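Notes for the structure review
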Number of protein chains: 2
Amino acid sequence: MNAEILCVGTELLLGNVINTNSAFLAQELAKLGIDVYYHTVVGDNNERLKEALAIAFERSDLVITTGGMGPTYDDLTKESIADYFGLSMVLHQPTLEKIHVYFDQRPQKMTANNEKQAMIPQGAVVFDNQNGTAPGCAVTQNNKTAIMLPGPPTEMQLMFAQSVRAYLAPFVDSTLVSHTLYLFGIGESTVENLLKELMTTSTNPTIAPYAKNGEVLLRITAKAPNTSEGDRLIQPVIDQISRQLADYIYGIDIDNLQTAVVKKLLAHHKTVSSAESCTGGLISKLLTDVSGSSQVFSGGVCSYTNTVKADVLAVSPDTLAQYTAVSEETVMEMARGVRHLLKTDYAVATTGIAGPDGGSDEQPVGLVYVAVVSEDIADVQKLHIDFGPLTSRDDIRQYAAKVALYRLWLAIQ
Amino acid sequence: MNAEILCVGTELLLGNVINTNSAFLAQELAKLGIDVYYHTVVGDNNERLKEALAIAFERSDLVITTGGMGPTYDDLTKESIADYFGLSMVLHQPTLEKIHVYFDQRPQKMTANNEKQAMIPQGAVVFDNQNGTAPGCAVTQNNKTAIMLPGPPTEMQLMFAQSVRAYLAPFVDSTLVSHTLYLFGIGESTVENLLKELMTTSTNPTIAPYAKNGEVLLRITAKAPNTSEGDRLIQPVIDQISRQLADYIYGIDIDNLQTAVVKKLLAHHKTVSSAESCTGGLISKLLTDVSGSSQVFSGGVCSYTNTVKADVLAVSPDTLAQYTAVSEETVMEMARGVRHLLKTDYAVATTGIAGPDGGSDEQPVGLVYVAVVSEDIADVQKLHIDFGPLTSRDDIRQYAAKVALYRLWLAIQ
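Remember, it's a predicted structure, so these values are computed and weren't measured experimentally. (Residues numbered from 1 in each chain as written. Chains lettered and ligands numbered in written order. Predicted model: local features only at pLDDT ≥ 70, side-chain atom pairs only at ≥ 80, totals over all residues. Heavy atoms only, no water.)

Overview of the environment of V237 of chain B
All names here are of chain B. Along the polypeptide, V237 turns up in helix α10 (residues 227–244). A relative accessible area of 9% means that V237 is categorised as buried. For the pair V237 and I220, spaced 17 residues apart in sequence, the C-alpha to C-alpha distance is 8.0 Å. Once residues within four sequence positions are removed from consideration, V237 is found in contact with L198, P205, I207 and I220. (Helix = DSSP H or I, 4+ residues; strand = E, 2+ residues; numbered from the N terminus. Buried < 20%, exposed > 50% of the residue type's maximum accessible area, 1.4 Å probe, protein only. Contact = heavy atoms within 4.5 Å.)

With respect to the sheet that holds strand β3 (residues 62–66) of chain B
Here 12 strands make up an open sheet; going across it, the order is β6(A)-β7(A)-β8(A)-β3(A)-β1(A)-β2(A)-β2(B)-β1(B)-β3(B)-β8(B)-β7(B)-β6(B) and the pairing mixed. At either margin of the open sheet sits one strand with a lone partner, and together these are β6 (125–127) of chain A together with β6 (125–127) of chain B. In this sheet, neighbouring strand axes are inclined to one another by 15 degrees on average, regardless of whether the strands run parallel or antiparallel. By the bridge criterion, five bridges tie strand β1 (residues 2–8) of chain A to strand β3 (residues 62–66) of chain A in an arrangement that is parallel. Bridge assignment links A3 of chain A to a residue of β3 of chain A, and that residue is L62 of chain A. Across the sheet, helix α2 (residues 21–31) of chain A is in contact with β1, β2 (35–42), β3 and β8 (144–149) of chain A; its angle to β1 of chain A comes to roughly 160 degrees. Contacting β1, β3, β7 (136–141) and β8 of chain A, helix α4 (residues 77–85) of chain A crosses the sheet at an angle of about 170 degrees to β8 of chain A. (Pairing = 2+ DSSP bridges. Axes fitted to C-alpha atoms, helices over the stretch in contact; angles between N-to-C directions.)

Things to note about the relation of the copies chain A and chain B
Of the two same-sequence chains, chain A is brought onto chain B (RMSD 0.2 Å, axial shift 0.2 Å) by a rotation of 180 degrees. This pairing of chains is accounted for by a two-fold axis. Here 99% of the contact residues of chain A are again contact residues in chain B; the copies associate through an equivalent surface. (Least-squares fit on C-alpha atoms with pLDDT ≥ 70 in both.)

Brief notes about the interface of chain A and chain B
Often the size quoted for an interface is simply the accessible area lost on bringing the parts together. Every contact between the two is made by 68 residues of chain A and, on the other side, 67 residues of chain B. Taken together, the two surfaces of chain A and chain B that pack against each other cover about 5100 Å², and 57% of this comes from carbon and sulfur. When the buried area of chain A at its contact with chain B is split by residue, Y38, H39 and Y304 of chain A rank highest and sum to 11% of it. D311 of chain B is the partner of K343 of chain A in a salt bridge, and the nearest nitrogen-oxygen pair spans 3.5 Å. On inspection of chain A and its partner chain B, the count reaches 32 residue pairs in polar contact (both at pLDDT 80 or more). (Buried area = accessible area lost by both parts, 1.4 Å probe. Salt bridge = Lys/Arg side-chain N within 4 Å of Asp/Glu carboxyl O. Polar contact = N/O pair within 3.5 Å; in protein donor to acceptor, adjacent residues only side chain to side chain.)

Topic: the nonpolar core
I147, L149 and L168 of chain A together with I147, L149 and L168 of chain B are the most contacted members of the largest nonpolar core, which has 50 residues in total. Residues contacting L168 of chain A, with those up to four places away along its chain left out, are L29, L32, I34, L62, I147 and F160 of chain A. Counting residues in each nonpolar core, the second largest holds 44 residues, with V308 and V315 of chain A together with L313 and V326 of chain B among its members. (Core = buried A, V, L, I, M, F, W, Y, C linked by side-chain atoms within 4.5 Å.)

Notes on the packing of aromatic side chains
Counted according to the given criterion, the structure contains 24 aromatic pairs over all chains. Note on Y84 of chain A and F85 of chain A: the rings are 5.3 Å apart at their centroids and 85 degrees apart in plane angle, and the pair reads as edge-to-face. For Y84 of chain A, a relative accessible area of 39% corresponds to the partly exposed category. Classification of F85 of chain A as buried rests on a relative accessible area of 8%. Aromatic pair F24 of chain B and F160 of chain B: ring centres 5.9 Å apart, planes at 90 degrees, arrangement edge-to-face. One end of the pair, F24 of chain B, is in helix α2 (residues 21–31); the other, F160 of chain B, is in helix α7 (residues 153–168), and 136 residues separate them in sequence. This pair shows no difference in class: F24 of chain B is buried, exactly as F160 of chain B is. Through successive ring pairs, a cluster of aromatic residues spans Y182, F184, Y250, Y399, Y406 and W409 of chain A. The ring of Y37 of chain B carries R48 of chain A above its face, with NZ or CZ at 3.5 Å from the centroid. The ring of W409 of chain B carries K264 of chain B above its face, with NZ or CZ at 4.3 Å from the centroid. (Phe/Tyr/Trp six-rings, centres within 6.5 Å; stacked < 30°, edge-to-face > 60°. Lys NZ or Arg CZ within 6 Å of the ring centre and 35° of its normal.)

Considering the environment of G132 of chain B
Residues and elements named next belong to chain B. Inspection of the secondary structure puts G132 in the loop between β6 and β7 (136–141). Along the backbone, G132 and E155 are 23 residues apart, and their C-alpha atoms lie at a distance of 6.4 Å. Apart from the residues within four sequence positions on either side, G132 is in contact with K98 and E155.

Considerations on the confidence of the model for chain A
Chain-level statistics for chain A give a pLDDT mean of 92 and a share of 99% at 70 or above. Overall fold confidence (pTM) sits at 0.77, and the ipTM for the predicted complex is 0.76. (pLDDT = per-residue confidence, 0-100.)

A short note on the sheet that holds strand β11 (residues 215–224) of chain A
Residues and elements named next belong to chain A. Sheet architecture is open: four strands sit in the order β10-β11-β9-β12, paired in antiparallel fashion. Lying at the two open borders of the sheet, with one neighbouring strand each, are β10 (206–212) and β12 (249–252). Averaged over all pairs of adjacent strands, the angle between strand axes in this sheet comes to 25 degrees, irrespective of strand direction. Note: strand β9 (residues 175–183) against β11, nine bridges, orientation antiparallel.

Structure below.
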């Protein structure tokens, strides 16, 4: 079966909202082994919505829509699909009761418009919305299936997980199983060169590299009748790649570098602190994104002025005067200072020029020093971060923070 | 003239990459006054790309594509469009020379494939790519125009700004002018209720509210022959809304709250520091996102343990014992402690339960205290952050940081 994703909403069409629903649904359908060939976006316009639906059903067995399920006159998705299938709209009493309860618990008054959300195409399967008032629903006729989901991502995603995945299960006879290796410190093209033979000869599983924010992800995907069979196909490939690229792989199916760091610190019963200048708190923000990080991250100091570096982190004024704030010497004293102040096993520190202003010939924008220290370790990295003419302040800060986390991850033992 | 955006790429179709190109182009075309009625995404597949092109040209005067401009065999956009218009592909010598120069400066070898990027539909206008090797191009025939742009957003966006906007100018006779008011501390539905009459009676400019990450944006858009005439239409509406919603508007056409805060601190020659527990460095990260923030933000302490709160920020152990770390008393001492330590005019502090673990009946997940202090001000807010069952750790931290920035913005004078 092949599918099309049709997102309805003028805010998407005008670019006021970035369409994340298509990507979410595409990934979920891929996991189910359903091929998606088209995404379409159309505004809240009856005529163009109908044309888009007709084109979609012409070329696809399954059309999943998001949006156009709200209470107002220009929310038309259900009506247009009912029209397409020649069905009338009928009241779904349990939904109406739910909407009444919803408004009873809230200061806003229910309006007649809200009742529209309880109308569904005759015979549709209804999906409960646990994050809002608009239910989803599905209709199948003549081997064509329409699944209608609400537009807000939180509502749509929960509904997919709670209802739609199970609804689709009978339609599919195989599943796609994916595992992703996370690499840092190596470029995408180098990965491709090293794995060229494996990538071209392996068809199930397939191996696909992606570059993402300075990291490389290797996604290994197998098509199999079930998850355990998929895993059985994938494991030898993971083993082989892990041998070849051992120095760069920091995790498998892990969310990100900070999660890998927190896990490794927990496993080794170690703690860390941070001293940040150019990254301005980003490293501590990233580490504390991870639930449970309070067991291993004591805290950090963002020292955005020399006074704070000297007074709080005990960086020597001589060091600052002789080598400046952006130097190997300063970053090491920052790291040692915060480790001493917060009494942790490890400490990371950054100092540099994030730009766009503040650069000079000796210290250009993108120059960043990163230090990791422990009782035994004194690791310092000098970086020239430059992704081309559009390199932003944010790019530089994000990449510097990642290098800090990666060097920390390497150091923990 | 009406337009369609057609993004080509299997990575988009599979949802591995979120499609930001459509939103960017839609916004840019709206500014030019060009109506966009459809976005389509199709994979790197010759047959389906041709079908999508045929449908697009059937219903639209202008089709802008992104992607499928690379060197490999499955990059087919230019070839498919040449086919549609009945044009042959010809070598564009200046582009070939540019590609040679590009590779001469780099360690990678140029392959025969790369020459493919210098092939263009006969008679096409070529757009230089200053961020990569694939040029863009445009073809017009029988009142149908195709504009082909590269897929990587950095290449596409720069090319649009440098070449495409000027190329499109002769096609349009009016322009859309937009200004956006940024509000915090008020809900979207309340804004709609307060402005209902103005919103329903005003047709040029139009007024559209958007909720975005706990903030409300009011976009006021006028269609006019030129920018200054658009501004003239918009100004009275901005004035009226500013009078009605004065307490909530923190900026016009400003990037975000942190930018508003930094601007106001600069204007008043004041400094600020931060003491963060549950937000873990996010406030200092946000403030230092703003270029030039080093003039007003001295630094911050992320105090993720009670020891750091007591040792570094001088929160009294009695306070921690009697009221716990998540209390009005602790957050005030944190704010006062960091203000004293870093010698700033203002200080902000947060403490709370970001979850998903660590909550209790007395201190549930989402309970956050936010303090803003100065010599004269001692402002403390108790928040219960709950956006429904899917409220994430990140939601709670982001919202708490925004409240802190907004309260700080209010306090600065």
